[in-house]
Each structure stands twice: as C-alpha cells, then as structure tokens.
Amino acid sequence: MAEGRAAKTSKRTAQRGPKARLKRKVTSAGGVVFRGCRKPRVLLIMPAKGKRRRWSLPKGRVEPGERYWQTARREVKEETGVNVKVLDPIERVRYYFMAHDDEGVEVNKRVHYFLMRYEGGELRPQVEEVRQVRWFPVEEAERLLAFENERRVFRAALERWRKRCRQATR
Ligand SMILES: Nc1nc2c([nH]c(=O)n2[C@H]2C[C@H](O)[C@@H](COP(=O)(O)OP(=O)(O)OP(=O)(O)O)O2)c(=O)[nH]1
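Residues numbered from 1 in each chain as written. Predicted model: local features only at pLDDT ≥ 70, side-chain atom pairs only at ≥ 80, totals over all residues.

Draft legend 1. How the structure looks around the site of the ligand. In the vicinity of the ligand lie 13 residues, with Ser28, Tyr95, Phe97, Phe147 and Asn149 positioned nearest. Elements with a contribution of two residues or more to the shell around the ligand: strand E3 (59–61), strand E4 (83–98) and helix H4 (148–169). Considering only residue class, the shell around the ligand consists of 5 nonpolar, 4 polar and 4 charged. (Near = placed C-beta within 6 Å. Helix = DSSP H or I, 4+ residues; strand = E, 2+ residues; numbered from the N terminus. Nonpolar A, V, L, I, M, F, W, Y, C, P; charged D, E, K, R; others polar.)

Draft legend 2. The arrangement of the nonpolar core in detail. Counting residues in hydrophobic clusters, the biggest one holds 30 residues, and the most contacted among them are Val32, Val33, Tyr113 and Val153. When residues of this core are traced back to their parent elements, those giving at least two are strand E1 (22–35), strand E2 (41–47), helix H2 (68–80), E4, strand E5 (105–120), strand E6 (130–137) and H4. The element that contributes the greatest number of residues to this core is E5, accounting for 5 residues. Residues contacting Val153, with those up to four places away along its chain left out, are Val32, Leu57, Ile90, Glu91, Val93 and Tyr113. (Core = buried A, V, L, I, M, F, W, Y, C linked by C-beta atoms within 7 Å. Buried ≥ 20, exposed ≤ 12 C-beta atoms within 10 Å, placed from the backbone. Contact = placed C-beta atoms within 7 Å.)

Draft legend 3. Inspection of the environment of Arg151 at higher detail. Note that Arg151 resides in helix H4. Look at Arg151 and you get partly exposed, because 16 C-beta atoms sit within 10 Å. Considered as a pair, Arg151 and Arg131 are 20 residues apart in the sequence and their alpha carbons are 20 Å apart. Those residues in contact with Arg151 that lie beyond four places of it in its chain are Glu142 and Leu145.

Draft legend 4. Quick look at H4. With 22 residues, H4 extends 32 Å from end C-alpha to end C-alpha; this agrees with the ideal 32 Å at 1.5 Å per step. Burial in H4 covers these residues: Glu150, Val153, Phe154, Ala157 and Trp161. Mapping the buried residues of H4 onto a view down its axis gives an arc of 100°, with all of them on the same face. The exposed residues of H4 that point more than 90 degrees off its buried face are Glu148, Glu159, Lys163, Arg166 and Gln167. (Expected span 1.5 Å × (residues − 1). Arc of directions from axis to C-beta.)

Draft legend 5. Structural detail: H2. Given a rise of 1.5 Å per residue, 13 residues ought to cover 18 Å, and the 18 Å separating the end C-alpha atoms of H2 matches this to within 8%. For H2, the complete set of buried residues consists of Tyr68, Thr71, Ala72, Arg73, Glu75, Val76, Glu79 and Thr80. Tucked inside the fold, the buried residues of H2 contact E1, E2, E3, E4, E5 and E6. Once H2 ends, the next one or two residues include Gly81, with phi positive near 95°.

Draft legend 6. Here's a closer look at the confidence of the model for the protein. Here the protein averages 89 in pLDDT, and 87% of its residues register 70 or above. The model gives residues 1–10 a pLDDT under 50, and that stretch makes 6 contacts with residues more than four places away or in other chains. Overall fold confidence for the complex sits at a pTM of 0.88, while the interface term, ipTM, reaches 0.97. (pLDDT = per-residue confidence, 0-100.)

Draft legend 7. Fine view of the environment of Gly30. Summarising the element assignment, Gly30 is placed in strand E1. Taking the C-alpha atoms as reference points, Gly30 and Val111, 81 residues apart in sequence, are found 7.0 Å from one another. The contact partners of Gly30, leaving out residues within four places of it in the chain, are Leu57, Pro58, Lys59, Ala72, Glu75, Val111 and Tyr113.

Draft legend 8. Quick peek at the pairing of E2. Pairing between E1 and E2: 2 bridges, direction antiparallel. Its bridge partner lying in E2, Arg35 is registered against Arg41. Adjacent in sequence and paired antiparallel, E1 and E2 are bridged by 5 residues, among which Gly36 carries a positive phi angle near 85°. In terms of strand pairing, E2 meets E6 through 7 bridges, oriented antiparallel. Bridge assignment links Val42 to a residue of E6, and that residue is Phe136. (Pairing = 2+ DSSP bridges.)

The following block contains the structure:
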C-alpha cells in the first residue's frame with residue numbers, strides 16, 4: 001500500500017510540477033487517562049520514533065467504521081495496555097506537518113481527545129511505536145508534554161476530572 005501511494009504521489013507531483021504541494025488529511029483519536037482524585041495521575045507515552053525523547057498523550061488513527069471514542073479507547077489499550085472508561089469529549093486539535101515517508105506531502109492532522117478513567121490493566125505497550133509508558137503526577141505531566149496543543153487538551157481534561165472528583169465526593 002505504501003509503495004502504491006508513493007508511486008501515485010510521484011506521478012501527481014510530476015503532473016503538477018515540483019513546487020506543487022500535495023496534501024493529505026489524517027484523523028486520529030486519543031485519550032487523557034486519569035486515576036485518583038486526591039493525587040491525580042495521568043498516563044503518558046514516549047513514542048519510539050524520533051531521536052528526541054518526548055512525552056505525549058496516547059492516540060492513533062481512526063479505522064473504518066469506528067466512532068472517535070472507540071478509536072481512542074482502542075489506541076489507549078494498544079499503546080499502554082490499560083482498560084479505560086471514556087467519560088467526555090475534550091477537544092479536537094489540528095496541526096500540519098510534512099510527512100517524511102512520502103516526499104512533499106503536507107499532512108493536515110486532526111486529533112479528537114477524550115477524558116478517560118483508568119479501569120485496570122498493567123502498563124504494557126502492545127505496539128512497537130511506543131518506547132515507554134508511565135503514570136505522572138499532573139504537575140509534572142504538564143511540564144513534560146512536548147506540544148502546546150497537548151498541554152491545552154491536558155489542562156482542559158484535568159479541569160473536567162477535578163470537577164467530576166468534587167461531584168463524586170459531595
Ligand atoms: N503528537 C503531536 N505531534 C505534533 C503536534 N504538533 C506538531 O507539529 N506535531 C508534529 C510532530 C511530528 O513530527 C508530526 C507527526 O506526529 P503525530 O504524533 O501526529 O504522528 P503519528 O504518526 O505518531 O500519529 P498517530 O498515528 O499517533 O495519530 O507532527 C501535536 O500537537 N501533537
């Protein structure tokens with residue numbers, strides 16, 4: 001499939017000229033997984049790719065027939081090993097980057113994030129793309145997240161989580 005896409009891309013690039021920009025839309029979904037109310041902790045992953053080590057929220061591509069929340073729950077399971085309950089949608093973030101595997105393709109990425117509660121399971125990534133997975137205290141997590149997009153989603157999710165915790169103890 002990758003070869004087919006590469007071949008198609010170079011043909012289109014040739015037709016449109018070297019300066020033409022090819023674009024691709026990619027949609028993913030992911031989760032902000034919390035556990036604990038008194039000292040909440042959040043689950044972050046370190047992707048395997050890239051030389052620079054960075055912490056990130058778990059997420060991945062939407063598959064045909066999936067609802068966004070289902071993708072988010074599946075990706076969290078695959079990337080971290082844990083089971084979750086999906087609570088609320090948080091935000092859809094958007095960013096653009098140049099794909100390395102497909103020369104000259106600008107990716108228009110959308111990611112739908114959900115607030116999630118940890119329900120059990122060990123920290124054990126089931127996919128090669130994840131180098132490490134860990135629970136972090138919320139203050140530390142905010143410092144570690146590499147992208148402003150993800151920090152914003154994290155802050156919104158934490159606010160919701162705290163509100164839910166307050167309601168649960170009333
Ligand atoms: N994760 C993430 N990557 C970002 C953001 N902003 C931004 O420019 N990037 C860059 C970093 C990478 O060079 C590029 C692709 O990262 P990505 O996390 O979307 O890629 P991926 O293929 O692992 O995505 P996925 O399957 O997990 O959805 O986008 C952001 O807010 N979050």
